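Descriptive analysis of the structure
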Amino acid sequence: MNKTLSMVAALTLACSSPLFAADNVLRVAADLSYPPFQYRDASGTPTGFEIDITNAVCKAVNITCEYVVSSFDAEIPSLMAKKVDFISPLGATEKRRKSIDFSDFIYHIPTKLVARKGSNLQPDAASLQGKHIAVQQGSIQEMYVNKFWAPKGVDIVMYADQDAIYLDLAAGRLDGALSPGVAVTYGFLNKPEGKDFALTGPEVRDDQLFSIGSAYGVRKGDEKTQKLLNEGLAKIVADGTWEKVKQHYFGDLEMKVTRVEPAHASQ
């Protein structure tokens, strides 16, 4: 198996089972710019909530997780081109379901507006008209703002990764950003550069664009990988590993999917 991709870094993490062989390797698309979900530790090793969950899922079904690192908006094209076998957790939206299938849900995170304290900005087009609002390319948030905010005079600024958004927020080049609330809280607001910012207003939702939870992305018709991931996920939920990892990163924050998923022919 070719373990290198042009312009991306392939990082291999082997689980502890002695039964691993080439057939037991699954390549996972990852974007390591989302602390505490996905990032590199001091030694450069992929880590974070989603990485730890994925490693546990892979270990539970005796496979090796090989992380293929790229930008978020390149993940679905890489999956469809068979450069990776599945995508680390992403929102299972209606639009994405037209291109790929999904595993069972792993967690839910609300989308929120982050803005400077005292700005009184709210997550609606009227409040944000003429403001510079950032989103990550290829994200659900990008789809939302392009549909509802950009046509009403909000200046949408797109970025390849969240870290670049945080830098420009702190530097005053942006008025706000629409992002996953927990990623902003733990990746920006809890750092010195985020001390003057806060999440503002209610959760941003749209039933046609936003999913009720995040799940692994798999190729259409790849029932083998889909079932394997579901089996591993069910095992780590049942044995308490999922809760242990969640507690490590987020404490008692409720992240389970509580809404009922609509029926999908592809699932």
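Going by the structure above, here's the rest.
Let me sum up the structure you'll find in this document. Predicted model only: the values in this text are computed from it and were never measured.

**Re the pattern of salt bridges**
Within the structure shown, the criterion is met by 8 salt bridges. Linking Lys195 and Asp196 is a salt bridge whose minimum nitrogen-to-oxygen distance equals 3.4 Å. The exposed category is assigned to Lys195, whose relative accessible area is 54%. Given the relative accessible area of 35%, Asp196 is considered partly exposed. Of the charged contacts, one joins Glu203 and Arg205 as a salt bridge, the two residues approaching to 2.9 Å between their closest N and O atoms. Because the salt bridges share partners, they merge into one network encompassing Arg27, Asp85 and Arg219.

**Quick word on the packing of aromatic side chains**
Taken as a whole and judged by the stated rule, the model has 14 aromatic pairs. Summarising the aromatic geometry, the rings of Phe49 and Tyr107 are spaced 5.5 Å apart at their centres and angled 75° between planes, so their arrangement reads as edge-to-face. Of this pair, Phe49 sits in helix H1 (residues 49–60) while Tyr107 sits in strand E7 (residues 100–107), placing them 58 residues apart in sequence. Overall, the relative accessible area of 0% leaves Phe49 in the buried class. On the numbers, 4.8 Å between centres and 40° between planes, the contact of Tyr144 with Phe148 is tilted. Highlighted residues: Tyr144 and Phe148, both in helix H5 (residues 140–148), separated by 4 residues, approximately one helical turn. Owing to a relative accessible area of 11%, Tyr144 belongs among the buried residues under this scheme. Judged by relative accessible area, Phe148 falls into the partly exposed class, the value being 27%. Taken together, the ring pairs connect Phe37, Phe49, Tyr107, Tyr186, Tyr249 and Phe250 into an aromatic cluster.

**Some points on the sheet that holds strand E10 (residues 155–159)**
Pairing between the strands of a sheet is mediated by backbone hydrogen bonds and can be parallel or antiparallel. Strands sit in the order E10-E9-E11-E8-E12 across an open sheet of 5 strands; the sheet is mixed. Edge strands, defined here as strands with exactly one partner in the open sheet, are E10 and strand E12 (197–204). Ignoring which end each strand starts from, the neighbouring axes of this sheet average 30° apart. When strand E9 (residues 132–136) meets E10, the two strands line up parallel, connected through 5 bridges. Each residue of the ladder has a partner; that of Ile133, found in E10, is Ile156. Across the sheet, helix H7 (residues 181–189) touches strand E8 (111–116), strand E11 (176–180) and E12, and the angle it forms with E12 is around 175°.

**A closer look at the packing of H1 against helix H8 (residues 223–238)**
Two elements in contact, H1 and H8, have axes whose closest approach is 8 Å; the angle formed by their N-to-C orientations is 105°. Taken as axis vectors, H1 and H8 run roughly perpendicular relative to one another. Contacts from Ile53, Ala56, Val57 and Ala60 in H1 reach Leu229, Gly232, Leu233, Lys235 and Ile236 in H8.

**Regarding empty space enclosed by the protein**
One way to see where empty space is left: roll a probe the size of a water molecule over the atoms. Using the criterion set out here, one finds 2 cavities of 30 Å³ or more in the structure. Size it by volume and the largest cavity reaches roughly 440 Å³. Residue lining of the largest cavity: 29 residues in total, with Leu90, Gly91, Tyr107, Pro180 and Ser214 positioned closest to the centre. Counting residues per element, the ones that place at least two in the lining of the largest cavity are strand E6 (86–91), H5 and E12. Take the lining of the largest cavity: its biggest share by element is 4 residues, from E6.

**Observations concerning H8**
With 16 residues, H8 should cover 22 Å at 1.5 Å per step; its first-to-last C-alpha distance of 22 Å lies within 8% of that length. Thr225, Gln226, Leu229, Asn230, Gly232, Leu233 and Ile236 are the residues of H8 that are buried. The buried residues of H8 occupy one face: seen down the axis, they fall within an arc of 165°. Of the exposed residues in H8, the ones pointing more than 90 degrees away from its buried face are Lys224, Lys227 and Ala238.

**Considering the nonpolar core**
Among the nonpolar cores identified, the biggest contains 44 residues, and Phe37, Phe49, Ile53 and Trp242 are the most heavily contacted of them. Aside from chain neighbours lying at most four places away, what touches Phe37 is Thr47, Gly48, Phe49, Glu50, Ile51, Tyr107, Ile109, Val182, Ala183, Phe250 and Met255.

**A short note on unusual backbone geometry**
For the bond from Pro35 to Pro36, the omega torsion is 5°, close enough to zero to count as cis. Structurally, Pro36 can be placed in the loop between strand E2 (25–30) and strand E3 (39–40). A positive phi angle is found at Asn62, which is not glycine, with a value near 60°. Inspection of the secondary structure assignment puts Asn62 in the loop between H1 and strand E5 (64–69). Even without being glycine, Lys82 reaches a positive phi, approximately 65°. Along the polypeptide, Lys82 turns up in the loop between helix H2 (75–80) and E6. The exposure class assigned to Lys82 is exposed, which follows from its relative accessible area of 56%.

The rules behind each value
Residues numbered from 1 in each chain as written. Predicted model: local features only at pLDDT ≥ 70, side-chain atom pairs only at ≥ 80, totals over all residues. Heavy atoms only, no water. Salt bridge = Lys/Arg side-chain N within 4 Å of Asp/Glu carboxyl O. Buried < 20%, exposed > 50% of the residue type's maximum accessible area, 1.4 Å probe, protein only. Phe/Tyr/Trp six-rings, centres within 6.5 Å; stacked < 30°, edge-to-face > 60°. Helix = DSSP H or I, 4+ residues; strand = E, 2+ residues; numbered from the N terminus. Pairing = 2+ DSSP bridges. Axes fitted to C-alpha atoms, helices over the stretch in contact; angles between N-to-C directions. Contact = heavy atoms within 4.5 Å. Parallel < 35°, antiparallel > 145°, perpendicular 65-115°, else oblique. 1 Å grid on protein atoms, 1.4 Å probe; cavity = no way out; pocket = protein on both sides within 12 Å on 5 of 7 lines; lining within 4 Å. Points joined across faces, edges and corners; volume = space filled by probe spheres on them. Expected span 1.5 Å × (residues − 1). Arc of directions from axis to C-beta. Core = buried A, V, L, I, M, F, W, Y, C linked by side-chain atoms within 4.5 Å.

So, to be careful, I would describe these as geometric facts and stop short of saying anything about function.
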